[in-house]
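Each chain is listed here by its residues.
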Amino acid sequence: MLRVFFLLSLALYMQSATAQNSLPTDYLTPAFHANRREALRKIMPPNSVVVIFAYPERVFSNDVNYIYHPNPDLYYFSGYKEPDAVLLIFKEPQQNDIGTYNELFYVRKRNPFQEQWSGRRLGIEGVRKQLGFDQVYNSEDFKNCPVDFSLFSKVIYDVLPDDVSAGTLSSLIQTFREKASIKAVDNRNILDAYKRLAFSTNASNLQSRIGRINNAMKETADPEFRNDSLLLDLIQRPDSAMLSGVVHCILGNPMPPLQFYQLTSLLREIKQPEEIAMLRKSAFISAVAHAEVMKAIHPDMSESELDGIFRYVHKKYGAEEEGYPPIVGTGANGCILHYIDNNVTQVDNQLVLMDVASEYHGYTADVTRTTPANGKFTTEQKAIYQLVLDAQNEVMAKLGITKKREDVSLYYIHGCSHHIGLDVHDKSVTTTLKENMVITVEPGIYIPEGSPCDKKWWNLAVRIEDDILIGKNQGENISSYAPREIHEVEKLAASKSVLNKFTLPPVKE
Ligand SMILES: [Mn+2]
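Residues numbered from 1 in each chain as written. Predicted model: local features only at pLDDT ≥ 70, side-chain atom pairs only at ≥ 80, totals over all residues. Heavy atoms only, no water.

A closer look at the packing of helix H7 (residues 188-198) against helix H12 (residues 256-268)
A packed helix pair is summarised by two numbers, namely the angle formed by the two axes and the spacing between the axes.
Part 1 of the reasoning: Where H7 meets H12, the closest approach of the two axes is 10 Å, and the angle between their N-to-C directions is 40°. For the element pair H7 / H12, the angle class is oblique. The interaxial crossing formed by H7 with H12 has right-handed handedness. Contacts between H7 and H12 pair Leu-191, Tyr-194 and Lys-195 from the former with Pro-257, Leu-258 and Tyr-261 from the latter.
Part 2 of the reasoning: Here the contact of H7 with H12 is composed, by residue class, of five nonpolar, no polar and one charged. (Axes fitted to C-alpha atoms, helices over the stretch in contact; angles between N-to-C directions. Helix = DSSP H or I, 4+ residues; strand = E, 2+ residues; numbered from the N terminus. Parallel < 35°, antiparallel > 145°, perpendicular 65-115°, else oblique. Left-handed = near helix turned anticlockwise from the far one by under 90°. Contact = heavy atoms within 4.5 Å. Nonpolar A, V, L, I, M, F, W, Y, C, P; charged D, E, K, R; others polar.)

Some thoughts on the sheet that holds strand S17 (residues 466-470)
Part 1 of the reasoning: As summarised here, the arrangement of the three strands in space is S14-S17-S18, forming an open sheet in which the pairing is antiparallel. Two strands close off the open sheet at either side, each with one partner strand: strand S14 (438-441) and strand S18 (475-477). Adjacent strand axes in the sheet meet at a mean angle of 35° when their direction is disregarded.
Part 2 of the reasoning: Where S17 meets S18, three bridges bridge the pair, whose relative direction is antiparallel. What sits directly across from Leu-469, in S18, is Glu-476.
Part 3 of the reasoning: Its contacts with the sheet place helix H15 (residues 379-398) against S14, S17 and S18, and it is angled at close to 10° to S17. (Pairing = 2+ DSSP bridges.)

Structural notes on the state of the cysteines
Between two cysteines, a covalent bond joining their sulfur atoms is known as a disulfide.
Part 1 of the reasoning: This structure, assessed with the given rule, holds zero disulfides.
Part 2 of the reasoning: Here Cys-453 stays unpaired: no disulfide links it, and the sulfur of Cys-335, its closest cysteine neighbor, is 10 Å away. (Disulfide = S-S within 2.5 Å.)

Looking at helix H2 (residues 30-43)
Part 1 of the reasoning: Taking 1.5 Å per residue as the helical rise, H2 with its 14 residues ought to reach 20 Å, and the 21 Å between its terminal C-alpha atoms agrees with that figure.
Part 2 of the reasoning: Among the residues of H2, those classed as buried are Phe-32, His-33, Arg-36, Arg-37, Ala-39, Leu-40 and Arg-41. (Expected span 1.5 Å × (residues − 1). Buried < 20%, exposed > 50% of the residue type's maximum accessible area, 1.4 Å probe, protein only.)

A look at the coordination of the manganese ion
Part 1 of the reasoning: Distances from the manganese ion to its protein donors, Asp-366 (OD), His-418 (NE2), Glu-442 (OE) and Glu-465 (OE), fall at 2.0 to 2.3 Å.
Part 2 of the reasoning: Expressed as a motif, the donor residue spacing for the manganese ion is D-x51-H-x23-E-x22-E. Taken as a pair, Asp-366 in the loop between strand S12 (363-364) and strand S13 (368-372) and Glu-442 in the loop between S14 and strand S15 (444-447) lie far apart in primary sequence, 76 residues in all.
Part 3 of the reasoning: Accessibility expressed as a relative area gives 4% for Asp-366, which makes it buried. (Donors = N, O, S within 2.8 Å, 3.2 Å for Na, K, Ca; no water.)

Some details on the pattern of salt bridges
Part 1 of the reasoning: Applying the stated criterion across every chain yields a total of 25 salt bridges.
Part 2 of the reasoning: Here Glu-292 ties to Lys-295 by a salt bridge, and the two come within 2.9 Å at their closest N and O atoms. Of the two residues, Glu-292 and Lys-295 are both situated in helix H13 (residues 273-296); the distance of three residues between them amounts to about one turn of the helix.
Part 3 of the reasoning: Assessed through its relative accessible area of 23%, Lys-295 is described here as partly exposed.
Part 4 of the reasoning: Through salt bridges with shared partners, a single ionic network connects Asp-73, Arg-268, Lys-271, Asp-423, Asp-426 and Lys-427. (Salt bridge = Lys/Arg side-chain N within 4 Å of Asp/Glu carboxyl O.)

So, the packing of aromatic side chains
Part 1 of the reasoning: Under the defined criterion, the tally for this structure stands at 16 aromatic pairs.
Part 2 of the reasoning: Both rings, one in Phe-284 and one in Tyr-317, keep their centres 6.3 Å apart while their planes meet at 80°; by these two values the pair is edge-to-face. Taken together, the positions of Phe-284 in helix H13 and Tyr-317 in the loop between helix H14 (303-316) and strand S8 (321-322) put the pair 33 residues apart, joining distant regions of the chain.
Part 3 of the reasoning: Of the residues examined, Phe-284 reaches a relative accessible area of 36% and is grouped as partly exposed.
Part 4 of the reasoning: Taken together through their ring pairs, the aromatic side chains of Phe-53, Phe-149, Tyr-157 and Phe-176 make up a single cluster.
Part 5 of the reasoning: Positioned above the aromatic ring of Tyr-27 is the side chain of Lys-81, whose terminal nitrogen or guanidinium carbon lies 4.5 Å from the ring centre.
Part 6 of the reasoning: One residue, Lys-195, lies across the ring of Tyr-261, its end atom 4.2 Å from the ring centre. (Phe/Tyr/Trp six-rings, centres within 6.5 Å; stacked < 30°, edge-to-face > 60°. Lys NZ or Arg CZ within 6 Å of the ring centre and 35° of its normal.)

Remarks on the environment of Ala-193
Part 1 of the reasoning: Assignment of secondary structure puts Ala-193 in helix H7.
Part 2 of the reasoning: On the accessibility criterion, Ala-193 (3% relative accessible area) is buried.
Part 3 of the reasoning: With 290 residues separating them in the primary sequence, Ala-193 and Pro-483 have C-alpha atoms 39 Å apart.
Part 4 of the reasoning: Once residues lying within four places of it in the same chain are set aside, the contact partners of Ala-193 are Ile-213, Phe-225 and Leu-231.

Here is the structure:
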């Protein structure tokens, strides 16, 4: 019996070892990531090194972590999607005992026992073969890393997480701190304020930016931030001459995380053809999901059921994740900009604001539609919806005429447009629009209960958001599959969905 079982399991093992599971074939290639490292070297200052750590893993519940999300910068420059790693990219080739190299990669060690529980790891060999790196080591060996950081003019790295106190990543960061003599913890308040000043230098919103910094300084108990001399100078004399002096100081010898942000943003804000292809897919998938939801939506449905339809359509196309937690806000909930409770059990005859999009192979779309659950806009809903739609159309038309972001911003109701890419709010430092940037256009009107207007407008919330690829002379809406015009939305809502017939047994009380 035992023997039969042994032979049977051997046969099953052999079968599973030879069986080929089909996997997606449209991932970014090792050549893409190598090309991005080369592009980074070109803009790095002389005699510098960039150090990029993997994101930490986070606890979901006992013995269970949240689904791991790789650090977008590490992914961009390597294709590596696992935790517990650090990548070093050198401006110039280095030479020492281990030979000549211009990058070193310390990755998560293979562990057959752990892999049976939590999934396959690439390990050294996998990173060499599948990602095309030459100098690859286990993370544990970072302490023997042959780099003398004191010999570099600039050691450039992102803000180091200060809430990771155990495990491999913690050791990697600790080792780096010791080797590169980094004692201080970066002050995130100061970094944020500097970033806001240095990388959005249009004069039009100078006062509002200084106002926000001033408020943040007043509200905080952080003495280092409150007493930052550059920020205090600017608050005392908030004019553009002082601003340019302050920005000059900030960028003259930038703190490492600011320089890291600047360099990585300069690359990531302009999308490569492979990235545009990925964003087109992600935006299309997301728009199809919105169209399906328009067909399926019904007053008896719940917010979470609608949320589930989006997720199903995204997965059906092979999108691994949602780009951000889905926002499905019925009536008044639509006025909460990042509403994610999605727990209303019946959407009734209300407007439902849905800001939901997929993440496809790392690339995130960002699409919003606002749909009447019963398929017909009321007079009031129509009026507000049309205003938002007109604003969006005007911005989109203007994208063909002007390339200045500050001109575009005149036409936003709540001043919100951002880049998309590996992050849903993707990095950017350039204040003018350039070819192959991908941005959102998302006007909205929100009228919470109690607003100083006729009650008939209360609890109306409308946002329409599309993803626009900036071309040479005009923008292209890459999420246009989901209708926006009132008659189109009503027509689609009146059509049937296979989900209308999808019924399940009730849960026993
Ligand atoms: Mn958005």
